Amino acid sequence: MVLRSGCKFGPVLVWFRLGYVVLLWLCVTHLRCARAETKTVVQKDAEFDVTYNDTVTSDNQTIYAFNHTVSRNKTEGIRVTVDVLSEGAESSPILFVVRQKQAVLSFQVPLILRGLYQRKYPYAHVGRTLCQPPTRSLTETQYFFVDVSTLSSLGTHYQLRISRVDSFTLHTDKKFSFTASPSQPQYFKYVFPDGVDTVIVKVNSEMTFPCSVMSIQDIQCPVYDLDNNVAFIGMYQTMTKTAAITVQRKDFPSNSFYVVVVVKTEDEACGGPLRFYPLRPDELIDAGNRSKTLDVVVSPAISCESLSQADQRTSAPSNTDVYVMGMLFCLGIFLSFYLLTFLVACVENKRMHRRREGLLNPADMSPAETGKPGVTPVSPYEYGSFVDNASTLSSEAITDSIASDANYRYMERSLESVAGRSRHESLSSIEEDDYDTLADIDSDKNIVRTKKYLCVSDLARKDKRVLSKKYQIYFWNIVTIGVFYALPVIQLVITYQTVVNVTGNQDICYYNFLCAHPLGNLSAFNNILSNLGYVMLGLLFLLIVLQRDIIHSRALDRNDLNALECGIPKHFGLFYAMGTALMMEGLLSACYHVCPNYTNFQFDTSFMYMIAGLCVLKLYQKRHPDINASAYTAYACLAAVIFFSVLGVVFGKGNMVFWIVFSVLHILATMLLSTQLYYMGRWRLNSGILRRIVYVIYTDCIRQCSGPMYIDRMVLLVMGNIVNWSLAAYGLLKTPNDFASYLLAIAICNLLLYFAFYIIMKLRSGERIQCMAMVCILFTAVVWGFALFFFFQGLSTWQKTPAESREHNRDCIVLSFFDDHDIWHFLSSIAMFGSFLVLLTMDDDLDNVQRDKIFVF
């Protein structure tokens with residue numbers, strides 16, 4: 001049994017011994033190779049401001065030992081500069097490792113930086129600033145080591161120099177100039193002085209390119225100062241000539257921060273040209289000279305000039321005081337309009353009271369002499385209509401023609417006929433469709449609306465309750481639209497602001513960075529606050545309209561003859577919609593300025609389209625109340641405008657197909673609207689339209705040459721077509737990048753054209769413009785002029801890259817808090833409010849004129 005077992009395990013022992021011999025041979029061979037490949041490590045005591053010329057290979061490694069004294073009260077920068085002098089070092093670069101007390105910095109030379117499409121740019125000259133570890137002692141000696149090594153078997157010659165940066169700490173309001181490149185970034189330290197909570201860091205250069213990046217980072221190691229990692233931490237923005245970042249003390253617990261400036265390897269991010277695509281993926285591209293001279297200055301965000309003398313006794317202004325002054329300034333401007341409105345109402349009420357007393361108690365005339373022969377004296381009941389009207393703001397209640405002959409003749413009508421007419425109207429249907437579907441009424445419309453000369457009475461025949469219900473829909477629809485539109489907008493801009501705060505990427509939003517005052521999580525509170533005027537003045541306009549509406553309703557309840565038969569028919573639904581649209585414009589403009597950029601510019605313009613459209617509709621409704629567009633049709637058309645606005649912003653830039661389609665649709669819409677206005681809606685768009693067009697051309701132009709039947713309308717429509725065709729041609733030829741503003745310009749041009757036509761025809765018809773309306777027109781025109789001046793200052797533009805847009809930034813101009821665009825907000829809100837008052841009061845001179853004497857144009 002023993003012999004058998006030995007025979008059984010014999011082969012196993014043989015293989016075990018053989019494996020042991022092989023393992024032993026491998027270990028001996030490895031030890032010999034390790035001894036042969038052992039590097040020579042040389043450590044040298046080095047000094048500052050000395051250039052070391054040396055050669056490194058794979059067999060030797062050099063360590064430079066430095067020591068320096070650091071102070072807790074003084075920050076001193078240390079700069080490492082390296083040059084590789086040997087050719088062909090790209091294949092086997094030198095590795096430099098700087099070991100400090102609490103930080104390690106490593107980089108290779110030549111430094112390879114990547115651009116778009118994996119382009120590679122080598123840099124043989126590298127300069128880096130060391131991050132200084134904090135010290136708790138008053139003074140401390142710190143050591144750091146620079147290790148130099150390579151895997152190249154051939155010797156690589158290099159130069160190394162360690163130097164101190166004397167101007168490493170920036171001082172308030174003191175400019176410092178320096179030079180940077182992609183391989184030689186620069187950063188400096190700034191410490192908040194006492195009493196300053198917010199500063200603005202400005203970096204400027206005379207050179208547009210190369211593109212660079214300015215970053216604000218906390219005092220911690222490592223400092224991210226290369227093109228491929230500068231966006232990892234802190235706040236940053238690209239720049240060409242100008243960059244500015246507002247920094248708050250509360251964001252930096254150490255009360256200090258680093259200002260980092262990095263030059264990018266390519267200029268595409270700043271709108272510069274893009275280099276050619278490399279023929280081979282691993283091909284190295286010579287970047288050329290990309291050095292850039294810049295200067296940096298750190299200033300308090302709030303200027304001392306904005307404070308009172310009491311506040312200037314401190315070393316620096318208080319941010320809280322300036323924010324409070326800005327808010328009080330904004331509130332004071334717009335509350336003054338409430339006070340002015342109240343004073344005007346008091347003056348009008350007093351004037352009407354005196355006029356009423358003069359009419360009721362004439363001093364020198366007997367009751368028989370107060371009227372003309374055959375005129376019945378006016379009863380106190382009839383004078384009651386003037387009592388309620390006395391409190392109105394505008395001249396609607398100023399019945400200038402009370403003493404006129406026409407008014408006395410008109411008041412001869414018996415109240416019985418009025419009451420009978422009111423009872424008859426109460427029995428009629430309040431649905432507009434029931435009124436229009438009667439065969440005789442439809443036939444009558446074709447006769448009345450195609451007359452050569454129309455009066456308002458011809459187009460104000462529908463039941464007033466029907467029209468009141470029709471136009472109130474404008475108000476309720478815009479309220480609904482505003483709520484459903486504003487809620488997701490608010491949610492989206494909050495997300496935008498959160499992304500900016502979390503990522504630190506300030507290229508997302510197009511602020512005026514030279515005047516952007518943060519508050520909480522908002523980056524530019526001043527641009528948001530300045531939109532308050534739209535909301536406050538929109539609310540004031542609604543109150544004025546409400547007062548007029550109440551007075552008019554009381555007059556109708558009394559069967560007042562002036563309210564029933566005289567003047568432009570009073571329908572306030574569109575006025576309510578206009579006031580609401582102005583308030584929504586303020587809200588959405590504020591949302592847009594939370595983070596302004598091209599993707600959310602429609603927030604700022606959507607309700608501008610609404611306001612322009614509603615103003616045109618209101619002008620047309622004044623003399624065409626029966627045939628004005630319904631709310632559903634009007635808002636559907638405005639929705640189509642906003643839809644094209646979105647398409648133009650997203651797809652319109654440089655897209656000729658889009659511009660061709662839009663121009664064709666623009667011209668077709670202009671022609672269809674012209675036809676609708678010329679024929680007062682008495683035409684149909686169906687399969688026989690072409691045949692009717694040919695027939696009209698044959699009969700009116702070929703068979704006999706006859707002029708247009710409605711000359712005034714034709715003049716307006718010809719001018720309107722010339723303007724719109726010209727705008728369409730301009731868009732097709734120039735293809736402007738800002739499509740939303742182009743579309744808004746079309747709306748404003750048509751509104752101004754129609755308003756000018758209305759005023760001219762009003763004066764041409766012998767009507768007059770009362771004092772209140774004339775004051776509103778002149779005041780509004782002046783304010784619009786100043787507002788447009790500030791609008792065209794162009795403090796930023798999302799049609800360009802963020803870096804190019806910052807070249808247009810400007811400093812604050814009012815209270816060191818508001819910039820030019822804020823002044824545009826102030827003035828444009830006042831101008832819009834004035835424009836609404838013009839529409840409200842421009843026909844007050846017709847309040848005592850019978851409607852069959854008021855012409856339609």
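Residues numbered from 1 in each chain as written. Predicted model: local features only at pLDDT ≥ 70, side-chain atom pairs only at ≥ 80, totals over all residues. Heavy atoms only, no water.

### Some points on the nonpolar core
Our working rule: Side-chain atoms within 4.5 Å link the members of a nonpolar core, which is a set of buried Ala, Val, Leu, Ile, Met, Phe, Trp, Tyr and Cys residues. Buried residues are those whose accessible area, probed at 1.4 Å on protein chains only, stays under 20% of the maximum for their type, while exposed residues exceed 50% and partly exposed ones sit between those limits. The contact criterion used throughout is that any non-hydrogen atoms of two residues lie within 4.5 Å.
If you look at the biggest cluster of nonpolar residues, it comprises 109 residues, and the most contacted ones within it are Tyr474, Phe541, Phe575, Leu614, Tyr635 and Phe833. Those residues within four positions of tyrosine 635 in sequence are excluded, and the remaining contacts are Tyr474, Asn477, Ile478, Ile481, Ala577, Met610 and Leu614. Core analysis: the next-biggest nonpolar cluster, separate from the first, contains 32 residues, Ile78, Val98, Tyr121 and Ala287 among them.

### Considering helix H14 (residues 631-651)
Residue pairs spaced three or four apart in an α-helix point in one direction, given the helix's 3.6 residues per turn. Note the threshold: Note on conventions: DSSP H or I runs of at least 4 residues are helices, E runs of at least 2 residues are strands, and numbering of each starts at the N terminus. The span you would expect from a helix comes to 1.5 Å times its residue count less one. Think of the arc as the fan of directions from the helix axis to the C-beta atoms.
Helix length check: H14 (21 residues) gives 30 Å between terminal C-alpha atoms against 30 Å at 1.5 Å per residue, within 8%. All of the buried residues along H14 are Ala631, Ala634, Tyr635, Leu638, Ile642, Ser645, Gly648 and Val649. Buried residues of H14, viewed axially, fall in a sector of 135°; they line one side. Residues Tyr632 and Val650 are exposed on H14 and point more than 90 degrees away from its buried face. Where H14 is buried, its residues touch helix H8 (464-503), helix H12 (573-594), helix H13 (601-623), helix H15 (656-678) and helix H18 (739-764).

### Regarding a nonpolar patch on the surface
What counts is decided by this rule: By definition, no residue in a patch forms a salt bridge, and every one has over 30% relative accessible area; like charges are joined within 9 Å, nonpolar side chains (Val, Leu, Ile, Met, Phe, Trp, Tyr) within 5 Å. Per-residue accessibility takes into account occlusion by the displayed protein chains alone, with areas from the Shrake-Rupley method and a 1.4 Å probe. Salt bridge, as used here: a side-chain nitrogen of Lys or Arg that lies within 4 Å of a carboxyl oxygen of Asp or Glu.
A surface patch of nonpolar side chains, about 1,000 Å² in accessible area, is lined by Met656, Val657, Ile660, Val661, Val664, Leu665, Leu668, Met671, Trp725, Leu732 and Leu733. When contributions to the nonpolar patch are tallied by element, the ones reaching two or more residues are H15 and helix H17 (711-734). Note that valine 657 resides in helix H15.

### Quick look at unusual backbone geometry
Residue proline 110 follows valine 109 across a cis peptide bond; omega there is 5°. Position of proline 110 among the secondary structure elements: in the loop between strand E6 (104-109) and strand E7 (111-114). Looking along the chain, the bond that leaves cysteine 221 and enters proline 222 is cis, with omega of 0°. With respect to the element layout, proline 222 can be found in the loop between strand E16 (212-218) and strand E17 (235-239).

### Quick notes on the confidence of the model for the chain
The criterion, for reference: In predicted models, pLDDT denotes the confidence assigned by the predictor to each residue on a 0 to 100 scale.
The predicted model of the chain averages 80 in pLDDT, with 79% of residues at 70 or higher. Taken together, the stretch residues 1-8 has pLDDT below 50 and engages in zero contacts with residues farther than four places along the chain or on a different chain.

### Quick word on the packing of H12 against H13
What counts, and what does not: A fitted line through C-alpha atoms serves as each axis, taken over the contacting stretch for helices, and the angle formed by two N-to-C directions is quoted from 0 to 180°. Orientation categories follow fixed angle ranges, with anything under 35 degrees roughly parallel, anything over 145 roughly antiparallel, 65 to 115 roughly perpendicular, and all other angles oblique. Note on convention: near helix rotated counterclockwise from far helix by under a right angle means a left-handed crossing. Clockwise means right-handed. Gly falls in the polar group here, along with every residue not listed as nonpolar (Ala, Val, Leu, Ile, Met, Phe, Trp, Tyr, Cys, Pro) or charged (Asp, Glu, Lys, Arg).
Contact pair H12 / H13: the axes reach a minimum separation of 8 Å and the direction vectors enclose 165°. Relative to H13, H12 is oriented roughly antiparallel. As H12 packs across H13, the resulting crossing turns out to be left-handed. Here Leu574, Phe575, Ala577, Met578, Ala581, Leu582, Met584, Glu585, Leu588, Ser589, Tyr592 and His593 of H12 lie close against H13, whose contacting residues are Phe601, Phe603, Asp604, Phe607, Met608, Ile611, Leu614, Cys615, Leu617, Lys618 and Gln621. Of the residues assigned to the contact of H12 with H13, the class counts are 17 nonpolar, three polar and three charged.

### A few points about the sheet that holds strand E2 (residues 51-56)
We count it as follows: Note on pairing: two strands pair once DSSP finds at least 2 bridges between them.
On the basis of which strands lie adjacent, the open sheet formed by four strands has the order E2-E11-E4-E9 and antiparallel pairing. Looking along the sheet, the strands with just one partner apiece sit at the ends: E2 and strand E9 (125-130). On average, adjacent strands in this sheet sit at an angle of 20° to one another, irrespective of strand direction. Strand direction decides the pairing type here: strand E4 (residues 77-84) and strand E11 (residues 156-165), joined by eight bridges, are antiparallel. Note on E11: the bridge partner recorded for threonine 81 is arginine 161.

### Quick notes on the pairing of strand E18 (residues 242-248)
Where burial is concerned, most of E18 is hidden: seven out of the seven residues are buried. Where burial is concerned, the two faces of E18 agree: the one with Thr242, Ala244, Thr246 and Gln248 and the one with Ala243, Ile245 and Val247 are both buried. Alignment of strand E15 (residues 198-204) against E18, held across seven bridges, turns out to be antiparallel. Bridge assignment links valine 199 to a residue of E18, and that residue is valine 247.

### What to know about the state of the cysteines
Put simply, the test is: Whenever a pair of cysteine sulfur atoms sits within 2.5 Å, that pair is classed as a disulfide.
Inspection of every chain in the model, using the stated rule, returns four disulfides. Between the sulfur atoms of cysteine 131 and its disulfide mate cysteine 221 the distance is 1.9 Å. Torsion about the S-S bond of the cysteine 131 and cysteine 221 cystine: about -85°, corresponding to left-handed handedness. Here cysteine 131, found in the loop between E9 and strand E10 (139-150), pairs with cysteine 221, found in the loop between E16 and E17; they are 90 residues apart in sequence, far enough to count as distant. Its relative accessible area of 30% is what places cysteine 221 among the partly exposed residues.

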